[in-house]
Amino acid sequence: PWLGSPTRVGDRVLITTTNGLAALDWKTGETLWEEKVGRCMYTVADGRLYVRTQRGAMILAEAGPKGYRSVSEFTPPRPEKAAPLLRASVRRGR
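Residues numbered from 1 in each chain as written. Predicted model: local features only at pLDDT ≥ 70, side-chain atom pairs only at ≥ 80, totals over all residues. Heavy atoms only, no water.

**So, the pairing of strand E7 (residues 58-64)**
Move 1: Only one face of E7 is buried: it carries Ile59, Ala61 and Ala63, and the other face, with Met58, Leu60, Glu62 and Gly64, is open.
Move 2: Of the strand pairs in this sheet, strand E6 (residues 48-53) and E7 are connected by four bridges, and their pairing is antiparallel. Within E7, the position partnered with Leu49 by the bridge is Ala61.
Move 3: Adjacent in sequence and paired antiparallel, E6 and E7 are bridged by four residues, among which Gly56 carries a positive phi angle near 110 degrees.
Move 4: Where E7 folds back onto strand E8 (residues 67-74) in an antiparallel hairpin, the turn is made up of two residues. (Buried < 20%, exposed > 50% of the residue type's maximum accessible area, 1.4 Å probe, protein only. Helix = DSSP H or I, 4+ residues; strand = E, 2+ residues; numbered from the N terminus. Pairing = 2+ DSSP bridges.)

**Things to note about the nonpolar core**
Move 1: Core analysis: the biggest nonpolar cluster contains 13 residues, and Leu21, Trp33, Leu49, Val51 and Tyr68 have the highest contact counts within it.
Move 2: Every element with two or more residues in this core is listed here: strand E3 (21-25), strand E5 (40-45), E6 and E7.
Move 3: For this core, the element with the most residues is E7, which contributes three residues.
Move 4: In this structure, Leu49 is in contact with Leu14, Leu21, Tyr42, Thr43, Val44, Ile59, Leu60, Ala61, Ala63 and Tyr68, ignoring residues within four places of it in sequence. (Core = buried A, V, L, I, M, F, W, Y, C linked by side-chain atoms within 4.5 Å. Contact = heavy atoms within 4.5 Å.)

**Remarks on the pattern of salt bridges**
Move 1: Here the structure, examined in full by the defined rule, presents two salt bridges.
Move 2: Linking Arg48 and Glu62 is a salt bridge whose minimum nitrogen-to-oxygen distance equals 3.8 Å. On the criterion of sequence distance, the pair formed by Arg48 in strand E6 and Glu62 in strand E7 is long-range, its members being 14 residues apart.
Move 3: With relative accessibility at 29%, the residue Arg48 sits in the partly exposed group.
Move 4: The partner of Glu62 in a salt bridge is Arg69, with the nearest N and O atoms 3.0 Å apart. (Salt bridge = Lys/Arg side-chain N within 4 Å of Asp/Glu carboxyl O.)

**Some points on the confidence of the model for the protein**
Move 1: For the protein, the average pLDDT comes to 84, and 79% of its residues sit at 70 or higher.
Move 2: Of all helices and strands in the protein, the one with the weakest mean pLDDT is helix H1 (residues 84-91) (50), whereas strand E4 (residues 31-35) scores best (95).
Move 3: Note on residues 86-90: pLDDT under 50 across the span, and four contacts to partners over four residues away in sequence or across chains. (pLDDT = per-residue confidence, 0-100.)

Following this line, the structure appears as structure tokens:
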């Protein structure tokens with residue numbers, strides 16, 4: 001897993017897998033669902049799942065006991081794609 005840490009959410013435990021995310025039943029350990037988003041890390045806040053994939057996409061999702069549903073997705077610009085002038089000023093601490 002890529003930067004993963006199990007997180008308990010109600011009666012589920014969210015984990016990262018080599019293929020993405022999975023939810024396990026807290027009591028039995030049974031896999032409830034798995035979503036193949038690729039390697040990722042995630043945060044749970046306000047009942048939503050915020051996922052950053054290794055490819056760079058940010059995903060806002062709902063992840064309940066019965067499944068995962070992507071609500072929104074975008075890919076922020078990568079630093080190497082920034083304008084050269086901006087990179088130079090940031091490197092000099094300005």
